[in-house]
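Chain and residue survey
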Amino acid sequence: MRHAALARQQGFNLVEIMVSMVLAVMVFLGLAKGQVVSLQQAHYSLQSTLATIEASNSVEQIWSSLCEVQRKPERFTQADFLARFTLQDGHRLVLPNRYSDNFVVAIEWQDERVSGAKRVELNAGFPPLC
């Protein structure tokens, strides 16, 4: 009798199919969320790398006019001096209010997709040349 009942069962019932579909959907949603987070972090990494390059370039540009700012430290914050620095859209250069031989060059940016610090800082040190 038991053998006859097993022989009549063919395939899966509706409950089994529904449970397996719900599990499959949950797995795919988890994978999609992981992909979104991965893309966000990749974009943050790109922005951080670009900001580091921009900060380094800013230090190099300061080297090119080092005597000028060492003789006149107030020149460091004037608009025409700051216009020399080229940045990506959405990036902002942060320099101290007055030149000194050791200071921090920072690049900040806005990105609503990623939480946490959106700032790169480089310590710059210059010898007194002039």
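Here, the structure is the one placed above.
These notes cover the structure that comes with them. All figures in this text were calculated on a predicted structure; none of them were measured in a lab.

The next thing to look at is the sheet that holds strand β3 (residues 119–125). Spatially, the three strands line up as an open sheet ordered β1-β2-β3, and their pairing is antiparallel. Each edge of the open sheet carries a strand with a single partner, namely β1 (91–94) and β3. Neighbour-to-neighbour, the strand axes of this sheet turn through a mean angle of 20°, independent of strand direction. Relative to β3, strand β2 (residues 102–109) runs antiparallel, the two being bridged by seven bridges. Looking at the pairing, Val 104 lines up with Asn 123 of β3.

Turning our attention to the packing of aromatic side chains. Two numbers describe a pair of aromatic rings. These are the distance of the centres and the angle of the planes. Under the counting rule described, the total for this entry stands at five aromatic pairs. Relative to Phe 103, the ring of Tyr 99 lies with its centre 5.9 Å away and its plane at 70°, an arrangement referred to as edge-to-face. By the burial criterion, Tyr 99 is buried, and Phe 103 matches it. These aromatic residues form a ring-pair network of at least three members: Trp 63, Tyr 99, Phe 103 and Phe 126.

Conventions and cut-offs
Residues numbered from 1 in each chain as written. Predicted model: local features only at pLDDT ≥ 70, side-chain atom pairs only at ≥ 80, totals over all residues. Heavy atoms only, no water. Pairing = 2+ DSSP bridges. Helix = DSSP H or I, 4+ residues; strand = E, 2+ residues; numbered from the N terminus. Axes fitted to C-alpha atoms, helices over the stretch in contact; angles between N-to-C directions. Phe/Tyr/Trp six-rings, centres within 6.5 Å; stacked < 30°, edge-to-face > 60°. Buried < 20%, exposed > 50% of the residue type's maximum accessible area, 1.4 Å probe, protein only.

By themselves, these observations are geometric and do not establish any function.
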